[in-house]
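Summary of the model geometry
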Amino acid sequence: MSHSYGRLNDADDGPEHTEVIFEAPGSAEREALLSSSRQETFDDVLLSPKEKGLDNEDKPRPPFKASHVTIAFVTGIVSCVLAQLAICGPSCFTPRHPAVQVNVYPDAAATALAPPWVGSSTAHNFPPAKPTNAFPSMFPTSVGYAGATPTGAEPALIATAPVYPYQSGQCAKQMVEPQSFAGGKPNPVELKGSVRNATSRDFHLFRSWGNLSPWYSNSKGTFGVDSTPEPPETCRITGLHLLHRHGARYPTQWALYAGPSKFARRLHKKAASWNAKGELDFLNSWSYKLGEELLTPFGRKQLFDLGLSYRMKYGFLLQNFTESNTIPVFRTESQDRMLNSALNFAVGFFGLPLEGRYQQSITIEAPGFNNTLAPYDTCLNTQIRSKSHRGIWYQERWAARYLKDARERLSAQLPGFDLTIEDVYAMQQTCAYETVALGYSKFCELFTQEEWEGFDYALDIAFWYESAFGSPVAKVQGIGWIQELVSRLTKTPIEVHNTSTNSTLHNPVTFPLGNSLYVDATHEVVVLNIITALNLTSFARDGPLPYTHIPKNRSFRVAELAPFATNVQFQLLSCTSTPGEQIRVIINDGVAPLTGIRGCPEQKDGMCPVDTFVAAQKEIIAGTDWEWDCSGDWTVPEGTEWETTTGEPPKRKA
């Protein structure tokens, strides 16, 4: 129904203007219901008796006296009392027992229980399936007349700029931190919480979410090598093999421990029995606004920015393709967030249109398809929880320790709801997921710095025992990609496909050799599998991670190794001061030591001769038993009774 205000259009009234009579609202209805011998206009009704020409005797008399109104009022009260007694009996007028109403804030006024929709899912399905105004043929992406299009030289910022462009992780302030963090630093630390919490000026909230952190640059020396990604003196960059993770996403469909959607369902199911107070008051009107699996808008921007940054740093490598009259082949796999991460990276790197500038290989992520970017689908032992998800045992025990105070504090503000440790952990997860999806989350305000550091470590524990050096199936899942790296470095096809490599796709078209630039997109678990398979032992120097405390200066931190949009550079260099081609591994701008790789020297810039690196990786490949590790009938007990620091299961008995 549309509404408008103003005079009628004279053109609609015909040759002569017709006066429009505006009737009082409801006047037509009154005329239909009440008979009258005299027709009156709305103006007539407003006239006084004298103006109407009536004598005093003809003046209308009031229909009711004051006594009539009094009797009607008393009768209404008596009727209401009798009706309540008939419905619920004398209990309607009996005071509630004090124990029935829980009020942890004595000064706060009593409020109603949470509405029944609290915790339910909210989704905005855009774009519409069939928009009525969509006419693609009338909106072509190109109409010609582009004007002059001469190109310029390719950028080489990594070699030419005086300062390396480090990434802070906040991506142009697209995410907002809690007001309690306000201060001069990017992530100030004036947090709510216990007096035990001694805040530190170098604490960063967005870097304390493990694999849920947005990627940021690791500073010089983070991994023990006093060098930066720029080529060392006397060296020039000759090639790059880039491995990166997808951008920030919604939660996955499944969660073995906690999970935002599981917590939301519990709140929704019990909405009739609880009411939130104090810091949790926002829960009384909170709904679950997260989807599943897909990239968030922030995640898309992460990958666009990542592609742009690599074009600025390594664009000069494209000259090699021009000289060979070829274009690059980048790889990803078929999951929605994986494909769109790769495409957003490509748009940032190449710009639009993409056609004719590169080719995107899309491998299938599904059971039965060999895929080095998703190796778990063909490694059967990864489907057995006791083998592949050993981290939960540690994670549950650690959470019970570091969230004990938080549970007590928050439970007091959520009367009527049985808040568990797992629920509180899910609240921390929700903070991270809502921030990267919606830009801000009230859940982030609820925890102390100490509790956020505990959350960060909980994710370190989980991934150490499930995807890295503490997992019996980590190394074998990374070995297929190592085979492909060796194949590319040596420009030699893989002869035997007995791991997760796909022989169908290993051909000169979809898996070219001899290129100066390769880009592969994968998951964080696979990145950690590969770091383990490479034998980068400096990240395992502290041994098995305990669930009783956080080791000081631990070397394995998931936020540094596998955050959203993590990127690992395998940088190739030619140096006049060092014979032979060199290789470095740079993880989120932090140069990693290669001393765990047999034969690689303790070099000040983290370099190792490619020939030495390849020989060591071939040895690792030969020593990996895919059949036993992925299909063998071996078992390991949960917890500390059995542990590994090499990412391998118990050896096959001779």
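Residues numbered from 1 in each chain as written. Predicted model: local features only at pLDDT ≥ 70, side-chain atom pairs only at ≥ 80, totals over all residues. Heavy atoms only, no water.

An unreviewed UniProt entry annotates the protein as Phosphoglycerate mutase-like protein originating from Candolleomyces aberdarensis.

Things to note about the overall build of the protein
For clarity, the cut-off: Each helix corresponds to a stretch of at least 4 residues labelled H or I by DSSP, and each strand to a stretch of at least 2 residues labelled E; elements are numbered beginning at the N terminus. Burial classes follow relative accessibility: with a 1.4 Å probe on protein chains only, a residue under 20% of its type's maximum area counts as buried, one over 50% as exposed, and anything between as partly exposed. In what follows, a contact means two residues having at least one pair of non-hydrogen atoms within 4.5 Å. Areas reported as accessible are Shrake-Rupley estimates using a 1.4 Å probe. Residue values count occlusion only from the protein chains shown.
Looking only at helices and strands, one finds 18 helices and eight strands in the protein. Taking all 654 residues of the protein together, 48% fall into the buried category. Contacts in the protein between residues at least 24 apart in sequence constitute 76% of all its contacts with a sequence separation of at least 6. For the protein, the exposed area adds up to about 34,300 Å²; of that, 56% sits on carbon and sulfur atoms.

Some details on the state of the cysteines
What counts, and what does not: Two cysteine sulfurs form what is called a disulfide whenever their separation falls within 2.5 Å.
Overall, the coordinates contain four disulfides when judged by the stated rule. A sulfur-sulfur separation of 2.0 Å characterises the disulfide bridge that pairs Cys379 with Cys630. Between Cys379 and Cys630 the sulfur-sulfur dihedral comes to about -100°; the bridge is accordingly left-handed. With Cys379 in the loop between β3 (359-363) and α9 (385-388) and Cys630 in helix α18 (residues 626-631), the pair connects residues that are 251 residues apart, well separated along the chain. Accessibility classification places Cys379 together with Cys630 in one group, the buried group.

As for the packing of helix α10 (residues 391-402) against helix α12 (residues 421-438)
Keep this limit in mind: Axis angles are defined between N-to-C directions and span 0 to 180 degrees, where every axis is a line fitted to C-alpha atoms and, for a helix, only to the segment in contact. Small angles under 35 degrees read as roughly parallel and large ones over 145 as roughly antiparallel, with 65 to 115 read as roughly perpendicular and the rest as oblique.
Closest axis-to-axis distance for the α10/α12 pair is 10 Å, and the angle between their directions is 90°. Regarding the angle of α10 to α12, the classification is roughly perpendicular. Taking contact as the criterion, the partners of Gln395, Ala399, Ala400 and Tyr402 in α10 are, on α12, Ile421, Tyr425 and Gln428.

Details of helix α17 (residues 610-622)
What counts here: One less than the number of residues in a helix, times 1.5 Å, gives the span that helix is expected to have. The arc in question is traced by the directions running from the helix axis to the C-beta atoms.
Compared with an ideal rise of 1.5 Å per residue, which puts 13 residues at 18 Å, α17 spans 18 Å between its outermost C-alpha atoms and is within 8% of the ideal. Of all the positions in α17, only Val610, Phe613, Val614, Ala616, Gln617, Ile620 and Ile621 are classed as buried. For α17, the angular spread of buried residues about the axis comes to 165°, placing them on one side. With respect to the buried face of α17, the exposed residues turned more than 90 degrees away are Asp611 and Ala622.

Quick look at the packing of aromatic side chains
Put simply, the rule reads: Any two rings among Phe, Tyr and Trp, with Trp reduced to its six-membered ring, count as a pair given centres within 6.5 Å; such a pair is stacked if its planes are under 30 degrees apart, edge-to-face if over 60, and tilted if neither. Consider the ring centre and the ring normal. A charge sits over the ring if Lys NZ or Arg CZ is within 6 Å of that centre and within 35 degrees of that normal.
Scanning the entire structure with this criterion turns up 33 aromatic pairs. Taking 5.5 Å as the distance between ring centres and 35° as the angle between the ring planes, the aromatic pair formed by Phe330 and Phe350 counts as tilted. With Phe330 in strand β2 (residues 329-333) and Phe350 in helix α8 (residues 336-350), this residue pair connects regions lying 20 residues apart in the sequence. Each member of the pair, Phe330 as well as Phe350, is classed as buried. Over the ring of Tyr310 we find Lys313; its NZ or CZ atom is 4.5 Å from the centre of that ring. Here Lys387 stacks its cationic end above the ring of Trp634, 4.3 Å away from the centre of that ring.

Focus: the packing of helix α11 (residues 404-411) against α12
Going by this rule: Under the scheme applied here, ten amino acids are nonpolar (Ala, Val, Leu, Ile, Met, Phe, Trp, Tyr, Cys and Pro), four are charged (Asp, Glu, Lys and Arg), and all others, including Gly, are polar.
Following both chains from N to C, one finds α11 and α12 inclined at 90°, their axes separated by 9 Å at the closest point. Between α11 and α12, the angle falls in the class roughly perpendicular. Residues Lys404, Ala406, Arg407 and Leu410 of α11 lie in contact with α12, whose contacting residues are Ile421, Val424 and Met427. Considering only residue class, the contact of α11 with α12 consists of five nonpolar, no polar and two charged.

Observations concerning the side chain of Thr532
Along the chain, Thr532 turns up in helix α15 (residues 524-533). Residue Thr532 is classed as buried on the basis of its relative accessible area, which comes to 2%. The contact partners of Thr532, leaving out residues within four places of it in the chain, are Ser467, Ala468, Phe469, Ala474, Lys475, Thr646 and Gly647.

Describing unusual backbone geometry
The amide bond that connects Leu352 to the next residue, Pro353, takes the cis arrangement and shows omega of -5°. Counting through the fold element by element, Pro353 comes out in the loop between α8 and β3. You will see that Thr234, though not glycine, has its phi angle at about 75°, which is positive. Its place among the elements puts Thr234 in the loop between α4 (157-160) and β1 (235-245). What makes Thr234 partly exposed here is its relative accessible area of 41%. Phi at Asn535 is positive, roughly 70°, even though this residue is not glycine. Note on placement: Asn535 falls in the loop between α15 and α16 (558-561).

Description of the pattern of salt bridges
Cut-off, in case you're wondering: Any carboxyl oxygen of Asp or Glu that lies within 4 Å of a side-chain nitrogen of Lys or Arg is treated as forming a salt bridge with it.
The full count for this structure, using the stated rule, is 23 salt bridges. For Asp456, the salt bridge is made with Arg557, and the minimal N-O distance between the two is 3.0 Å. Residue Asp456 is found in helix α13 (residues 449-467), and its partner Arg557 is found in the loop between α15 and α16; the two are separated by 101 residues along the sequence. Classification of Asp456 by relative accessible area gives buried; the value is 2%.

Some words on α8
Given 3.6 residues to a turn, an α-helix orients residues that are three or four positions apart in the same direction. In this model α8 runs 21 Å from its N-terminal to its C-terminal C-alpha over 15 residues, within 8% of the 21 Å that 1.5 Å per residue would give. Contact partners of the buried residues in α8: β1, α6 (297-314), β2, β3 and β4 (517-522).

A short note on the nonpolar core
Stated precisely, the cut-off is as follows: The definition of a nonpolar core used throughout is a set of buried Ala, Val, Leu, Ile, Met, Phe, Trp, Tyr and Cys residues joined through side-chain atoms within 4.5 Å.
In terms of nonpolar packing, the biggest core is built from 106 residues, with Trp209, Trp274 and Leu283 touching the most fellow members. The contact partners of Leu283, leaving out residues within four places of it in the chain, are Val118, Leu267, Trp274, Ala276, Leu414, Met427 and Phe443. Of all hydrophobic cores here, the second largest spans 29 residues; its members include Ala156, Leu303, Phe321 and Val519.

Some thoughts on the environment of Ser213
Put simply, the rule is: Polar contact is the term for a pair of N or O atoms within 3.5 Å; when the atoms are in protein, one must be able to donate a hydrogen and the other to accept it, and sequence-neighboring residues count only if both atoms are side-chain atoms.
By the element assignment, Ser213 lies in the loop between α4 and β1. Residue Ser213 is classed as buried on the basis of its relative accessible area, which comes to 0%. Ser213 sits 347 residues away from Glu560 along the chain, and the two C-alpha atoms are 8.9 Å apart. Once you skip the residues sitting within four places of it in the chain, Ser213 turns out to touch Phe206, Arg207, Ser208, Ala559, Pro563 and Phe564. Within the structure, Ser213 has its side chain in polar contact with the backbone nitrogen of Trp209 (distance 3.0 Å).

Regarding the side chain of Ser287
With respect to the helices and strands, Ser287 occurs in the loop between α5 (260-269) and α6. A relative accessible area of 7% means that Ser287 is categorised as buried. In this structure the side chain of Ser287 is engaged in a polar contact, spanning 2.9 Å, whose partner is the side chain of Thr122. Looking at Ser287, its side chain comes within polar contact range of the side chain of Lys289, at 3.1 Å. Residue contacts for Ser287: discarding those within four places in its chain leaves Trp117, Gly119, Ser120 and Thr122.

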